[in-house]
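Secondary and tertiary structure notes
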Amino acid sequence: MAKFYVTTPIYYINAVPHIGHAYTTAVADVIARWHRLRGDDVFFLTGLDENSVKTVEAARGKNFKDIQTYADSMAKVWIDTWKSLDISHDDFIRTTQERHHRNVYELFEQIKKRGDIYKGVYEGLYCEGCEAYITEDELVDGKCPLHQKKPKRVKEENYFFKLSKYQDQILEHIEANPDFIQPVARRNEVVSFLKGGLKDVSITRPKLEWGIKTPDDPTQTVWVWFDALCNYLLPRGYWPADIHIIAKDILRFHCIVWPGMLLSGGYKLPKKIFAHGFLTVDGNKISKSLGNVIDPAYLAEKYSADVLRYFLIREVSFGQDGDFSEGSLRTRLNDELADVLGNFVHRVLTFTRDRFGGKVPEGKLDKKLETEVHERVQKIEQLLEELKVTQALEEIMAIAKRGNEYFQSCKPWEAIKSEPEKAASCILNCANLVKVLCVVLTPFIPSTSTNLAKQLGVKVNSWKQAREFDIKPGHLIGEPSVIFTKVKANNPAQTHQNLVSIDDFGKLDIRIGRVKSAQKIPNSKKLLKLEVEVGEELRTLVAGIAEHYPPEELVGKFIAVVVNLEPAKLMGITSQGMLLAAEDEKGISLLVADKPIKLGSKVR
Ligand code: MSP
């Protein structure tokens, strides 16, 4: 069994996952699943970069006293998101874990032993978004072009890594291994940067309260990028990685700093680094301030993990920039998954059930069709080998399209009356096409493939199954069911029956209040007692959110309170209003003001 090790970046936990993170992770998952199906011994690693200053700021912003508690709550969100997208990682690394610290110390010590670490003073600009120093000439209008933030001017004592010493070795490696950095445009970018000359990098920062302390010098913290890159060393038996999948934003860290660290430490270099493009949403950069951060778990729940996975991989040509819009997702679902793939397999399976009693009929295999499909499967293998996941999926859909044409041209519903052998042969060949589709779709839309395999009465456990037409006459199929249902655009105004007038809505007096204190109510599992500052007033609220929010997490939040609700007594306490929250089957989410606003402000 060949070993195959694939990674995603480890993501920052200052925010929840968005569609961009989902994209990288979904592609890595397709590659991992493809290699597993081929019989490789796969290790797929993803995880979280928790030791960043951003983590501390986010935890403070959300009123967490304990940063680790915040990190744990975010880890849960990320892990749950990947679960909802059917991501099949073999391990999930968090940089606050002890097992990771060991790898950081080890590489640090090895680099030090090599004589590549020295103490110095850095004076210049620091971009908090990049978590890295930045030079004047990299700025656009005085700001970091990636994060649109003005960098900070700092002067600090650090330990430096002699990255410049490895400039030529990295360049030689790139030149000797044309596939090391892909796509070629990214490779060229790295080469020209290297040719411009490398500076040493600072690998520690002074006076940070969070992060891994530098070995032998607790006054310094290991630079978050040095720390984070070491995550990839986790499964030692699998190193060097076959492929690091990243986006273009973190190209230099992976293609220059990381190889430099590894060469100095005496480790092998990863075999390949693929930097894909950036996704926008409806044409705009994904950003909290634009309010267009889409939760991939929400999309997976609304449309299914497979629809989202299919869309991401099909829509964005791997390596290029791309755009996400719910409208285009619906179009791909309706026009491709439902109309082409779903339609073909459903017609074949229901025809088999209705006309042949669920048994694949005796007929003649169409050798021409078999060869054609076999060639397509070989092409798909080749494309996947070259990481051309988008084109591979296009080829797969071309098989489904071919299937529809084949079925349509044989017209088995007519042939069954006049030429029953023709109808039988058509179904025998089409059943084989459905099987091929089940296999080749497995890495992309795993849950649908499993469902389809069950409907066809086969088990998919090897990619090789895609190379043969081995469904024989007499094969019994399972019960057919629709695999993709078309959806219409949302139109909330039409779907709501109980409309209220604006005057009715105006009867509610909803105000912004700040939670001053929160405590559990003795003998109640569900209730919390809150004291909320609403304008000049201090109101007592009894809220049924104890199972969803620890009281300390609520203090300081700017919540929405209905203040003209009749008071009600609960567990002996009078509640003078009601806070607003949304609820789904996973839990409760409080409605909060997105930035501080005068207490008592009216919500309308
Ligand atoms: N923590 C570092 C990575 C350390 S790896 C040793 C980091 N984290 S991040 O949360 O900012 O994630 C960056 C990565 O997320 C990108 O390289 C890419 O994989 C993914 N994406 C984030 N936004 C994206 C888009 N808008 N589009 C596509 N991918 C995006 O950098």
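Predicted, not measured: the structure shown is a model, and the values here were computed from it.

Observations regarding the overall build of the protein
The helix and strand inventory of the protein stands at 19 helices and 25 strands. Looking at the protein as a whole, 54% of its 604 residues qualify as buried. Considering only intrachain contacts with a sequence separation of at least 6, the fraction spanning at least 24 residues in the protein is 74%. Split by element, the accessible area of the protein, about 28,200 Å² in all, is 51% carbon and sulfur. The average position of the 84 basic charges and that of the 81 acidic charges among the side chains of the protein differ by 1 Å.

Considering the side chain of Glu-381
Mapped onto the secondary structure, Glu-381 falls in helix α12 (residues 367–385). Relative accessible area serves as the criterion here: at 17%, Glu-381 is assigned to the buried category. In this structure the side chain of Glu-381 is engaged in a polar contact, spanning 2.8 Å, whose partner is the side chain of Trp-463. Setting aside chain neighbours within four positions, we find Glu-381 in contact with Trp-34, Trp-463 and Arg-467.

Some thoughts on the sheet that holds strand β17 (residues 510–520)
Judged by pairing direction, the sheet is antiparallel, and its five strands sit side by side in the order β19-β18-β17-β20-β23 without closing on themselves. Two strands lie at the open edges of the sheet, namely β19 (537–543) and β23 (578–579), each paired on one side alone. Pairing of strand β20 (residues 558–562) with β23, which is carried by two bridges, proceeds in the antiparallel orientation. Bridge pairing in β23 places Val-561 opposite Leu-579.

Describing the pairing of strand β6 (residues 152–161)
Summarising the sheet, strand β4 (residues 117–127) and β6 pair through ten bridges and their orientation is antiparallel. Looking at β6, one finds that Leu-125 is bridged to Arg-153. When β6 meets strand β8 (residues 201–202), the two strands line up antiparallel, connected through two bridges. In the strand pairing of β8, Phe-160 is matched with Ser-202.

Focus on the sheet that holds strand β16 (residues 322–324)
In space, the three strands of this open sheet follow the order β15-β14-β16, with mixed pairing throughout. Each of the sheet's edge strands pairs with one partner strand only, and the pair in question is β15 (284–285) and β16. With three bridges joining them, strand β14 (residues 279–281) and β16 adopt parallel strand pairing. Bridge pairing in β16 places Val-281 opposite Phe-324.

Details of the nonpolar core
Counting 113 residues, the largest nonpolar core has Ile-19, Phe-324, Leu-341, Leu-437 and Phe-484 as its most contacted members. Take this core: its biggest share by element is 15 residues, from helix α15 (residues 420–441). Ile-19 has contacts with Leu-279, Val-281, Ile-286, Ile-294, Pro-296, Leu-299, Leu-308, Leu-312 and Phe-324, leaving out every residue within four places of it along the chain. Val-190, Leu-194, Trp-223 and Ala-275 belong to the second-largest nonpolar core, a separate cluster that totals 66 residues.

Some words on the site of the ligand
Lining the immediate environment of the ligand, one finds 23 residues, of which Ile-10, Thr-24, Asp-49, Asp-249 and Leu-279 sit closest. Here an oxygen atom of the ligand and a backbone polar atom of Ala-247 are 3.1 Å apart. In this structure, a nitrogen atom belonging to the ligand sits 2.8 Å away from a main-chain N or O atom of Leu-279. When isolated, the ligand has an accessible area of 670 Å², and the protein chains bury 93% of it. Those elements that place two or more of their residues in the shell around the ligand are β1 (3–12), α1 (19–37) and α7 (224–229). Take the shell around the ligand: its biggest share by element is four residues, from β1. In the shell around the ligand, the residues fall into 13 nonpolar, eight polar and two charged.

Structural notes on the packing of aromatic side chains
Given two aromatic rings, one states the distance between the centres and the angle between the planes to describe the pair. What the rule picks out here adds up to 24 aromatic pairs. Here a set of aromatic residues connected by ring pairs shows up, and it is made of Tyr-5, Phe-43, Tyr-232, Tyr-238, Trp-239 and Trp-258. Taking NZ or CZ as reference, Lys-54 lies 4.6 Å from the ring centre of Tyr-12, over its face. Between Arg-205 and the ring centre of Tyr-126, over which it is positioned, the NZ or CZ distance is 4.0 Å.

Notes on the packing of helix α10 (residues 305–315) against helix α13 (residues 389–410)
Between two packed helices, the angle of one axis relative to the other and the distance separating the axes together describe the packing. At a minimum axis separation of 7 Å, α10 and α13 run at an interaxial angle of 110°. If you check the angle between α10 and α13, you find them roughly perpendicular. In this structure, α10 contributes Tyr-310, Ile-313 and Arg-314 to the contact, and α13 contributes Val-389, Thr-390, Leu-393, Glu-394 and Met-397. Partitioning the contact of α10 with α13 into residue classes produces five nonpolar, one polar and two charged.

What about the environment of Pro-420?
Counting through the fold element by element, Pro-420 comes out in helix α15. Accessibility expressed as a relative area gives 38% for Pro-420, which makes it partly exposed. In the structure, Pro-420 is positioned 57 residues away from Gly-363 in sequence and 9.6 Å away in space, judged by C-alpha atoms.

Criteria and cut-off values
Residues numbered from 1 in each chain as written. Predicted model: local features only at pLDDT ≥ 70, side-chain atom pairs only at ≥ 80, totals over all residues. Heavy atoms only, no water. Helix = DSSP H or I, 4+ residues; strand = E, 2+ residues; numbered from the N terminus. Buried < 20%, exposed > 50% of the residue type's maximum accessible area, 1.4 Å probe, protein only. Contact = heavy atoms within 4.5 Å. Areas by Shrake-Rupley, 256 points an atom, 1.4 Å probe, with all protein chains shown as cover. Lys, Arg positive; Asp, Glu negative; His and termini not counted. Charge placed at Lys NZ, Arg CZ, Asp CG, Glu CD. Polar contact = N/O pair within 3.5 Å; in protein donor to acceptor, adjacent residues only side chain to side chain. Pairing = 2+ DSSP bridges. Core = buried A, V, L, I, M, F, W, Y, C linked by side-chain atoms within 4.5 Å. Near = heavy atom within 4 Å. Nonpolar A, V, L, I, M, F, W, Y, C, P; charged D, E, K, R; others polar. Phe/Tyr/Trp six-rings, centres within 6.5 Å; stacked < 30°, edge-to-face > 60°. Lys NZ or Arg CZ within 6 Å of the ring centre and 35° of its normal. Axes fitted to C-alpha atoms, helices over the stretch in contact; angles between N-to-C directions. Parallel < 35°, antiparallel > 145°, perpendicular 65-115°, else oblique.

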